[in-house]
Amino acid sequence: MPRALEGLRVTDLSHVLAAPTASMFLADLGAEVIHVERDLGDDAREFGPFIGGHDKNRSGYFISLNRNKKSIVLDLKSEAGKAVLRDLIKVSDVVLENFRPDTMEKLGFGWEAIQRLNPRAIYCSICGFGHDSLPEYGSRPAYDMVAQAYSGLMSITGPEGGPPCRVGSSVGDIIAGHQAVIGILAALVHREKTGRGQYVDIAMVDSLFSVLENAVARYMNAGEIPGPLGGAHPAITPFQGFKTKDGQWVIAAIGNDKLWAQYCRLLGREDLTDHPKFKSNPLRTDNRKELIPILQAEMEKKTAAEWLAIFEKAHIPYSPINNLKQICEDAHIAHRNMLVDIEQPVVGPMKVCGSPLKLSETPGEVYAPAPMLGEHTEEVLRGTLGYSPERIAQLKAEGAVTAAA
């Protein structure tokens, strides 16, 4: 069965994480993603863990983000390399990059130039503060940590009363990558109606600010500046992790008063159900500092396994707090095909995350390993662009392109 985005071609100038996340999902859905790399490769090829030795083709980090893609190596400082990129853009549906905002203009591939080359192309850029920014932000470099800090996310992350904390994964990059896919797909639908491409400007700071949900609402409507609360929810109580008798942690997510009554019964503390300080969620939240130690003392009377069995039987929303060993060995993750086997060149058999895009007819899937550096250079030049063997040889001799060794 054809994949959902089969026939769509993406010229992918991305590196490291934000835009590679976007192109990974497009590739999972069947788009032909041509990852344009410099001779040293995507920076991510230097990030560990390395599988079987330090090598640009053995980076577990790079492999995890670049399955299903092709790799070509172009020297975009050379006119010959730029000419190849122009030819690629002419036959592509999407151009994707996450350089600093002025980089593509300096290379001669800003939005206006891309429009001239291919009026139907969707051009998507991802950067820290956006291309349409205040002048002082226009060339400011940004990594995920910068976006997490600037957006306000770090100010509400971490233990209560503790210092600001970075979220444990690079959500500034990853959420921006997800939102880029939404923008690209919307632009493609618009193109079907109008025949025109358009520019998709994704800022990592925007992406994180847009998902702060109740924190923004609390400040804008109540004037409250939220702070970190550890694993607790700022507006629902109890809605957090509790340490159990055996030192493990269990989440109890008590999202309404009916669940509260059930939870109190399971704890053997029916006296708390209609307590004047705890009988409604707003009251429980206002009196959190008094309530949580009471609940914690009760949760420490049983092991995690005992509480999980009790909550399961009573249909209380719960979860163990899994570490990476536990979740990677979890039966449900296996059932959902969220870890899949690939045969990675040089490395051999390995497991990578599966696609979360579970469509009934055209699901996302991992159907090819990550490419070796420059693995598809000749294939793209010859097959996609129709270059002659003589021209390819000349480009190689000039150093404008590089093929895999």
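For the structure itself, look to the data block above.
Residues numbered from 1 in each chain as written. Predicted model: local features only at pLDDT ≥ 70, side-chain atom pairs only at ≥ 80, totals over all residues. Heavy atoms only, no water.

Novice: Can you lay out unusual backbone geometry for me, pointing to particular residues and giving the numbers?
Specialist: In this structure, P49 follows G48 across a cis peptide bond, with omega equal to 10°. Take P49: it is sitting in the loop between β2 (32-37) and α2 (60-65). Between T237 and the following residue, P238, the backbone shows a cis peptide bond with an omega angle of -10°. Mapped onto the elements of the fold, P238 is located in the loop between α9 (214-222) and β7 (239-243). Backbone geometry at N68 places phi at a positive 70°, although glycine is not the residue there. (Helix = DSSP H or I, 4+ residues; strand = E, 2+ residues; numbered from the N terminus.)

Novice: An account of the sheet that holds strand β6 (residues 199-203) is needed here, citing residue identities and associated values.
Specialist: Read across the sheet, seven strands follow the order β6-β5-β4-β1-β2-β3-β12 without closing on themselves; strand pairing throughout is mixed. Only two strands of the sheet have a single partner each, and these edge strands are β6 and β12 (401-402). Across five bridges, the pairing between strand β5 (residues 122-127) and β6 is parallel. Its bridge partner lying in β6, C124 is registered against V200. Where helix α1 (residues 18-28) meets the sheet, it contacts β1 (9-12), β2, β4 (94-97) and β5, and its direction lies at approximately 145° from that of β4. (Pairing = 2+ DSSP bridges. Contact = heavy atoms within 4.5 Å. Axes fitted to C-alpha atoms, helices over the stretch in contact; angles between N-to-C directions.)

Novice: I'd like to hear about the sheet that holds β7, residue by residue, with values.
Specialist: The antiparallel open sheet is built from three strands, whose spatial order is β7-β8-β9. Each edge of the open sheet carries a strand with a single partner, namely β7 and β9 (318-320). Pairs of neighbouring strands in the sheet enclose a mean axial angle of 20°, with direction left out of account. Sheet topology places strand β8 (residues 249-253) next to β9; three bridges connect them, and they run antiparallel. The residue bridging V250 from the neighbouring strand is P320, located in β9.

Novice: Go over the layout of surface pockets, please, and point to the residues and values.
Specialist: The volume enclosed by the largest pocket comes to roughly 780 Å³. In terms of lining residues, the largest pocket is bounded by 25 residues, among which S64, M338, V352, C353 and G354 are the most central. At the level of secondary structure, the elements contributing two or more residues to the lining of the largest pocket comprise α1, α2, α14 (324-328) and β11 (348-353). In terms of residue class, the lining of the largest pocket is built from 17 nonpolar, six polar and two charged. (1 Å grid on protein atoms, 1.4 Å probe; cavity = no way out; pocket = protein on both sides within 12 Å on 5 of 7 lines; lining within 4 Å. Points joined across faces, edges and corners; volume = space filled by probe spheres on them. Nonpolar A, V, L, I, M, F, W, Y, C, P; charged D, E, K, R; others polar.)

Novice: Quick one: what's the story with the packing of aromatic side chains, residue by residue and with numbers?
Specialist: Applying the stated criterion across every chain, the model contains eleven aromatic pairs. Note on F47 and Y61: the rings are 5.3 Å apart at their centroids and 80° apart in plane angle, and the pair reads as edge-to-face. You can see F47 sitting in the loop between β2 and α2 and its partner Y61 sitting in helix α2, a full 14 residues away along the chain. On the accessibility criterion, Y61 (24% relative accessible area) is partly exposed. With 6.4 Å between their ring centres and 50° between their planes, F311 and Y318 make a pair best called tilted. On the basis of relative accessibility, which here comes to 29%, the residue Y318 falls in the partly exposed class. Taken together through their ring pairs, the aromatic side chains of W260, Y263, W307, F311 and Y318 make up a single cluster. (Phe/Tyr/Trp six-rings, centres within 6.5 Å; stacked < 30°, edge-to-face > 60°. Buried < 20%, exposed > 50% of the residue type's maximum accessible area, 1.4 Å probe, protein only.)

These values are about where atoms sit, not about what they do.
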